[in-house]
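Chain by chain, the residues:
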Amino acid sequence: MNRGCMSTGVHPCRVTAMVLKVFFPSCCSSADSGILIGRWISEQSSAVILAVVHFPFIPVQVKQYLGEVQHVTKVNVSVLGSWSNSKQEKEESLSEFLEDLGTIFCHEPWIQISKEGDSKFWSCSTLQKHSKDPQEEEIILVYYDQRKVMLSHLHPPLDTSGQRAEDASKLSAIFDTVARSQVLFMTDRYDEGPIKLTHWQSDGVEASIIVELLKQASVPACMLLTFLLSLVSGICRSRLLKLWPLSFLWSKLSTCEQLGHRLQHLQVISSNKKAQNQNQFMRKANIFVSLLIDVALGILLMSWLYRKNRIGHLADTLIPVADHVAEELQDLLQWLMGAPAGLKMNRALDQVLGRFFLYHIHLWISYIHLLSPFIEMILWYVGLSACLGLTVALCILSDIIALLTFHIYCFYVYGARLYCLKIYGLSSLWRLFRGKKWNVLRQRVDSCSYDLDQLFIGTLLFTILLFLLPTTALYYLVFTLLRLLVVIVQGLIHLLVDLIDSLPLYSLILRLCRSYRLAAGVKFRVLEQQDGKPLRLLMQINPLSYGAVIQTYRLPTYSCYPRDSWASLCKKLFLGELIYPWKHKGDKQN
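Bear in mind the structure is a predicted one, so any value in this text is a computation, not a measurement.

Focus on the overall build of the protein chain
Check the secondary structure of the protein chain and you find 17 helices and 15 strands. Every one of the 590 residues in the protein chain was classed for burial, and the buried ones make up 41%. Within the protein chain, contacts between residues at least 6 apart in sequence are counted, and of these 73% link residues at least 24 apart. Taken as a whole, the protein chain presents about 33600 Å² of accessible surface, with 63% of it coming from carbon and sulfur.

Some details on the UniProt feature "transmembrane region" (unreviewed entry) in the protein chain
Under the UniProt annotation, the feature "transmembrane region" (unreviewed entry) is placed at residues 287-306, 352-371, 378-405, 411-433, 454-478 and 484-509. Secondary structure over residues 484-509 splits into 92% helix and 0% strand, and the C-alpha atoms at its two ends are 37 Å apart.

Here we look at the pairing of strand β4 (residues 77-85)
Buried residues dominate β4, accounting for 8 of its 9 residues. Where strand β2 (residues 34-41) and β4 come together, 6 bridges link them in antiparallel fashion. Its bridge partner lying in β4, R39 is registered against V77. In terms of strand pairing, β4 meets strand β5 (residues 110-115) through 5 bridges, oriented parallel.

Points about the packing of helix α12 (residues 390-404) against helix α14 (residues 452-502)
Interhelical geometry of α12 versus α14 gives an angle of 170° and a closest axis separation of 10 Å. It follows from the interaxial angle that α12 and α14 lie roughly antiparallel. Helix-helix and strand crossings are classified by hand; for α12 and α14 the assignment is left-handed. Side by side, α12 and α14 meet where L390, T391, L394, C395, L397, S398, I401 and A402 of the first sit next to V486, V489, Q490, I493, H494, L496, V497, I500 and D501 of the second.

Some points on the pattern of salt bridges
In the structure shown here, the tally under the stated rule is 4 salt bridges. Across the salt bridge formed by D176 and R180, the nearest N and O atoms sit 2.8 Å from each other. Of this pair, D176 and R180 both sit in helix α4 (residues 163-180), 4 residues apart, roughly one helical turn. Assessed through its relative accessible area of 35%, R180 is described here as partly exposed. Among the salt bridges present, the one from R262 reaches D501, with a minimum N-O distance of 2.9 Å. Taken together, the residues R262 in helix α7 (residues 254-269) and D501 in helix α14 connect sequence positions 239 residues apart. Residue R262 is classed as buried on the basis of its relative accessible area, which comes to 5%.

What about a nonpolar patch on the surface?
Together, F288, L292, I293, L297, L300 and I509 give the surface a local cluster of nonpolar side chains, amounting to about 550 Å² of exposed area. Looking at which element gives the most residues to the nonpolar patch, the answer is helix α8 (residues 278-305), with 5 residues. Among the secondary structure elements, F288 is positioned in helix α8.

Side note on unusual backbone geometry
Here S45, not a glycine, exhibits a phi torsion of approximately 50°, which is positive. Structurally, S45 can be placed in the loop between β2 and β3 (46-54). The exposure class assigned to S45 is buried, which follows from its relative accessible area of 17%. The phi dihedral of N309 falls on the positive side, at around 55°, and the residue is not glycine. As for its position among the elements, N309 is in the loop between α8 and α9 (310-337).

Topic: helix α15 (residues 505-513)
Regarding α15, the residues found buried are L505, S507, L508, L510 and R511. Its buried side turned inward, α15 meets α8, β12 (518-528), β13 (535-543) and α16 (546-553).

What to know about the packing of aromatic side chains
Enumeration over the complete set of coordinates arrives at 17 aromatic pairs. Aromatic pair F356 and F357: ring centres 5.5 Å apart, planes at 65°, arrangement edge-to-face. With relative accessibility at 2%, the residue F357 sits in the buried group. Above the face of the Y546 ring, R511 is positioned so that its terminal group lies 4.5 Å from the ring centre.

Some remarks on the nonpolar core
Among the nonpolar cores identified, the biggest contains 43 residues, and V62 and L184 are the most heavily contacted of them. Not counting residues within four places of it along the chain, the set of residues in contact with V62 comprises I35, V53, F57, V79, F105 and I195. Membership of the second largest hydrophobic core comes to 19 residues, among which are L20, W83, I113 and I139.

Re the side chain of H265
Topologically, H265 is positioned in helix α7. Taking the relative accessible area as the measure of exposure, H265 reaches 4% and is therefore buried.

What about the pairing of strand β11 (residues 444-447)?
Across 4 bridges, strand β10 (residues 436-439) lies against β11 in antiparallel orientation. Paired with N439 across the two strands is R444, which belongs to β11.

Overview of α8
Between the first and last C-alpha of α8 there are 40 Å, a value that for 28 residues agrees with the 40 Å anticipated at 1.5 Å per step. Every buried residue belonging to α8 is among M282, A285, N286, I287, V289, S290, L291, D294, G298, M302 and L305, and all of these are buried. Sitting at the amino-terminal end of α8 is N277, which places a side-chain oxygen 3.3 Å from the backbone nitrogen of N279.

Here is what the cut-offs are and how they apply
- Residues numbered from 1 in each chain as written.
- Predicted model: local features only at pLDDT ≥ 70, side-chain atom pairs only at ≥ 80, totals over all residues.
- Heavy atoms only, no water.
- Helix = DSSP H or I, 4+ residues; strand = E, 2+ residues; numbered from the N terminus.
- Buried < 20%, exposed > 50% of the residue type's maximum accessible area, 1.4 Å probe, protein only.
- Contact = heavy atoms within 4.5 Å.
- Areas by Shrake-Rupley, 256 points an atom, 1.4 Å probe, with all protein chains shown as cover.
- UniProt positions renumbered as here; feature names shortened; annotations may be inferred.
- Pairing = 2+ DSSP bridges.
- Axes fitted to C-alpha atoms, helices over the stretch in contact; angles between N-to-C directions.
- Parallel < 35°, antiparallel > 145°, perpendicular 65-115°, else oblique.
- Left-handed = near helix turned anticlockwise from the far one by under 90°.
- Salt bridge = Lys/Arg side-chain N within 4 Å of Asp/Glu carboxyl O.
- Patch = residues over 30% accessible without salt bridge, like charges linked within 9 Å, V, L, I, M, F, W, Y side chains within 5 Å.
- Phe/Tyr/Trp six-rings, centres within 6.5 Å; stacked < 30°, edge-to-face > 60°.
- Lys NZ or Arg CZ within 6 Å of the ring centre and 35° of its normal.
- Core = buried A, V, L, I, M, F, W, Y, C linked by side-chain atoms within 4.5 Å.
- Expected span 1.5 Å × (residues − 1).
- Polar contact = N/O pair within 3.5 Å; in protein donor to acceptor, adjacent residues only side chain to side chain.

As structure tokens, then:
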């Protein structure tokens, strides 16, 4: 990047050229002649032009107006130079008059930009009247879209080291200057004031009747919603819900957890506290859109369920499916009680376990047929809960699956406990043969001497447990596979729930429709380059990628992933330790 400058005849010496970057709003290209107001960033040798003040004006009023803007925006706005549109002005003394303005407003350097009629090349120069050692400057004129830069939010790079972080900090100063100067853009050409400005809203301040009506209507709506939420929160914090049965159900059911999660979301969006920064505003907007789409999908599901008596058809299908599952389990147990895959099992233990599990299946079939007259009514009321959102309906589906497969869970727990008991018994007896024992107090294996009777009894128990292990292990393996199948189905449902809860839908829609609002950086395109003329660049905004949008604005949710690694999970399965559902209650993750 280079800088070009005009010599003012103060001193003939030449030193190393400096680079001056002038960020000029493209909306001011056709503005009438006047003075340039903006911010000078001395650390970067950059001038950010914000608006053009037209003739005629009174310098005292301009200084007073800029003082008011500085007080409101906390941005050091000043007069940086002059702007001449030769197509509008034909007076020969205009250039001399514009140079004299530099002595009134006293800014160093004084930037002079002039548009030469219909020519595509502009002239840009600087005056340094008070400098004893004027430097030759090469000027780069950078055009930017003022509206897009003001509305966009520049995100820091994911890689915060090296040159990229330094470039991001320089760009953030430019974006921050334009964004904080929003008060300056509220004056349009229809205002009857002593100062006339040209900026991106000069032709009229953007407004929407619908937006204003929604703002007015949102106040009483938020007050009513806040009152209802405070009432619901008071009921949830009451001592009645802390009693044993209710507290147990609240901690175990996914539906209760999802309702509590959505209740927190409603409290966030109904809060009258204004968002302090861009991240808080985006979080509120993402939560609001997520709730809106969730409820809309739930209402669509509810309308589908209650159309053409689908609830009745579902209830009529549920009982035969449950009977079919019970029959398949009975056939599986009959197969295990015989000679499964040609394996020689311990017949006595095999018959005891098989009849024990068959009795549970008999109890389960009786339980299902006892509920059969009420299933359609239960499903009818459960379907109404879809109006609370698709996620609530999915959580209810997960809880229904857990209730309908409770017998499989019982089978798994019985098999796992029996298998675990034998595994730990065999490991303890194996230490006995080696003259070792487990020290409970110090949590380590110590040496120990055993007498002949202890070794004899240990040998008998080890032999009995070892020969009974294959029968127990086979039952444990079958019911563990069934349990894992149920857990995988529930895990997929919870994955879908967490996807709906955590997906930043508003940010994704904003990235799709107005990508400049989520800026990852900028790129420059060369417009014109000619010897003796300033280099003209066009600054364009690079939007965030969709992956970066999700990573930046993903909403906090509840984990539905296993805490354990695959190695730890396999170890638990081998030792017979219980594998609980992947949904861990109360574990909040970002």
